[in-house]
Amino acid sequence: MFWDASDLSELQGSTVVEKIGKEEVEANYHEKLLPLLKKRSDIFPKQYLDSYYSLTSYHIQGSRILSRSFHVEKWQENQEDVHQDQVETEAEADGQDAMEVELNHQEMEEGKDEERKMKMKMKMKRTKMQKIQQT
């Protein structure tokens, strides 16, 4: 809000510039707040418009409020859960075990850790052994 043009040029490419919204704030002040202040001179005396209700004061108060606020990103489902659901769906469609499908997915990906593949194979073997023991 209070940066000059050279400072703002240094911030180009960051999300800070788009969040400042100086033009929108000033338009809001001139189009909404100032007409209201002038209309209700019984509450907002004209002699105080330039001192207490100025555009500069409006910027300062808005900055104070926003300095204490934050944005919360929309919650997204855990990607591992989504991946597991996809693997199970694919396994059902192909008539395979979900562990086999997962192993196939992992083997297709380049640069995956060999230890993880071994763990997956061991887990698949344990699952098969448990299924055999249950029957």
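Residues numbered from 1 in each chain as written. Predicted model: local features only at pLDDT ≥ 70, side-chain atom pairs only at ≥ 80, totals over all residues. Heavy atoms only, no water.

Asker: Run through the overall build of the protein, naming residues and quoting values.
Answerer: The secondary structure content of the protein amounts to seven helices and zero strands. Relative to its 135 residues, the protein shows a buried fraction of 16%. Partitioning the contacts of the protein with sequence separation of at least 6, the portion at a separation of at least 24 is 40%. (Helix = DSSP H or I, 4+ residues; strand = E, 2+ residues; numbered from the N terminus. Buried < 20%, exposed > 50% of the residue type's maximum accessible area, 1.4 Å probe, protein only. Contact = heavy atoms within 4.5 Å.)

Asker: Before we move on, could you go through the side chain of His59 and cite the residues and values that matter?
Answerer: Among the structural elements, His59 can be located in helix 4 (residues 55–67). For His59, a relative accessible area of 7% translates into the label buried. A distance of 3.1 Å separates a polar atom in the side chain of His59 from a polar atom in the side chain of Glu26. (Polar contact = N/O pair within 3.5 Å; in protein donor to acceptor, adjacent residues only side chain to side chain.)

Asker: Could you give an account of the pattern of salt bridges, with specific residues and numbers?
Answerer: A complete count under the given rule lists one salt bridge for this structure. Among the salt bridges present, the one from Arg40 reaches Asp42, with a minimum N-O distance of 2.9 Å. When its relative accessible area of 35% is taken as the criterion, Arg40 is described as partly exposed. (Salt bridge = Lys/Arg side-chain N within 4 Å of Asp/Glu carboxyl O.)

Asker: Explain the confidence of the model for the protein to me, using residue names and the numbers behind them.
Answerer: When pLDDT is averaged along the protein, the result is 75; 53% of the residues meet or exceed 70. The spread of mean pLDDT over the elements of the protein runs between helix 2 (residues 16–20), the lowest at 62, and helix 3 (residues 22–39), the highest at 90. (pLDDT = per-residue confidence, 0-100.)

Asker: Let's hear about the packing of aromatic side chains: which residues, and what values?
Answerer: Taken as a whole, this structure holds four aromatic pairs when the rule is applied. An angle of 85° between the planes, with centres 5.2 Å apart, marks the rings of Phe44 and Tyr53 as edge-to-face. According to the relative accessible area criterion, Tyr53 is partly exposed, its value standing at 27%. Measuring from centroid to centroid gives 5.1 Å for Tyr48 and Tyr52, while their planes differ by 45°, and the two rings are tilted. On the basis of relative accessibility, which here comes to 54%, the residue Tyr52 falls in the exposed class. Each residue in the set Phe44, Tyr48, Tyr52 and Tyr53 is aromatic and connected to the rest through ring pairs, giving one cluster. (Phe/Tyr/Trp six-rings, centres within 6.5 Å; stacked < 30°, edge-to-face > 60°.)

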